[in-house]
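What follows is each chain in one-letter form.
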Amino acid sequence: MATDFLNSIRRTPVATVQVKSRGRIRHLLLKRESFNPTGSVKDRTALGLLRALDAREELRPGSVVVESTSGNLGLALAHLLDSLDCRLIAVVDPKTPEATLRQLSAAGVQLHWVDVPDGHGGYLLSRLEAVAELRRKNTGYRWTNQYGNPANPLIHQQTTGPEIVAQGGRELDAVYVAVSTGGTLAGIAAHIRPLRRPIRLVAVDAAASLATTGAVDLDRRPGMTRTSRLVPGIGASRPSSFLRSDSYDRAVAVTDAMAIATARIFLEDTGIGLGGSAGSVVSACVHDLAEPGAPRLPLCLAADDADKYAATLYDDGWLTKMDLLHEVTETISRFRSDGLEFSADSSPN
């Protein structure tokens, strides 16, 4: 590569969060990936993918890379490709936040829009068909393939996993990670499992997702059905190609309402904004902290923050349009009636 990007990734900080719920006080660690260069854990993934792409065939000025993305990976790829005078075509869909679309356009990314649902609660399969069609018509386009490239989990094995173990310390006994491609969790697991430490790995999926198998729905009530997913960055329309039976100890599914309600409560209590997938991860952890056999010191990987979602997940008008405001409001009320409160240290390390 013309530029060594390894130094573009720095250790992201961890905040200690106090959780009050159902009469108990517990603590969790929040690893804040929003401190990465473009604001998400996907900066790591983009680095790994582009290094692998360049190793196969050098990325030269003018090279065109195409990728399917819900937003964050597109921003991370665009940031790195710009340094190489290369161009990105991002295949996006209606779930991509408007704020992210504006950022992608401002970065000079060409947006290829897909608006046909894939029949599995999202647009992933439709986006991948679009990527294949673009490459058939333009044989020189390069594809990073975040969904099947082993460089995806490898970069998290090399960076994210070691950071989590070091920052969690000897008391760390559980790690909660949102899954979509599954690369982040697979890489973390590949680092942690050989250590033979009693650290429980929890895959946090979205309700109506197929990313994991056997996920337990944390809010399955009689008569409720899950057919679509609104929170970006979590869940998928097909099983992950990276996750194996030993990649996680337990898989749980969190509804959109639970994720958004938790994120809103967290922001109100701490002033720290969480993205939707981070809201899902914290929600799953809070649920477990109130159960028998709760982890003593869990770590939640917060993939990004709230900046991109002010007009969606944090906007009542958008929730009304999505017919979700009543459920989110009811869920916030239910969580607060359980006594849920957060407080966080002001200087994460």
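Residues numbered from 1 in each chain as written. Predicted model: local features only at pLDDT ≥ 70, side-chain atom pairs only at ≥ 80, totals over all residues. Heavy atoms only, no water.

Asker: Residue-level account of the pairing of strand 4 (residues 87-92), with values.
Answerer: Burial runs high along strand 4: five of the six residues are buried. Looking at chain direction, strand 3 (residues 64-68) and strand 4 are connected through five bridges and run parallel. For S68, the partnering residue across the bridge sits in strand 4 and is V91. At this point the chain moves from strand 3, through helix 2 (residues 72-83), to the parallel strand 4, and the crossover so formed is right-handed. With four bridges connecting them, strand 4 and strand 5 (residues 110-113) associate as parallel partners. Of the residues in strand 5, the one forming a bridge with A90 is L111. Viewed along the sheet, the connection from strand 4 through helix 3 (residues 98-106) into strand 5 turns out right-handed. (Buried < 20%, exposed > 50% of the residue type's maximum accessible area, 1.4 Å probe, protein only. Helix = DSSP H or I, 4+ residues; strand = E, 2+ residues; numbered from the N terminus. Pairing = 2+ DSSP bridges. Right-handed = clockwise from strand over helix to strand, strands pointing away.)

Asker: So what about the pattern of salt bridges? Which residues, and what values?
Answerer: A full pass over the atoms with the stated rule returns 17 salt bridges. The closest approach of N and O atoms between R44 and E33, which form a salt bridge, is 2.6 Å. With R44 in helix 1 (residues 42-56) and E33 in the loop between strand 2 (24-32) and helix 1, this pair connects stretches of sequence that are 11 residues apart. Judged by relative accessible area, R44 falls into the buried class, the value being 0%. Owing to a relative accessible area of 0%, E33 belongs among the buried residues under this scheme. Between E268 and R336 there is a salt bridge whose closest N-O contact spans 3.6 Å. Here E268 is found in helix 7 (residues 256-270), whereas its partner R336 is found in helix 10 (residues 325-337), with 68 residues between them in sequence. Relative accessible area serves as the criterion here: at 63%, E268 is assigned to the exposed category. Note on R336: relative accessible area 27%, which makes it partly exposed. Each of K31, E33, R44 and E163 takes part in one network of salt bridges that share partners. (Salt bridge = Lys/Arg side-chain N within 4 Å of Asp/Glu carboxyl O.)

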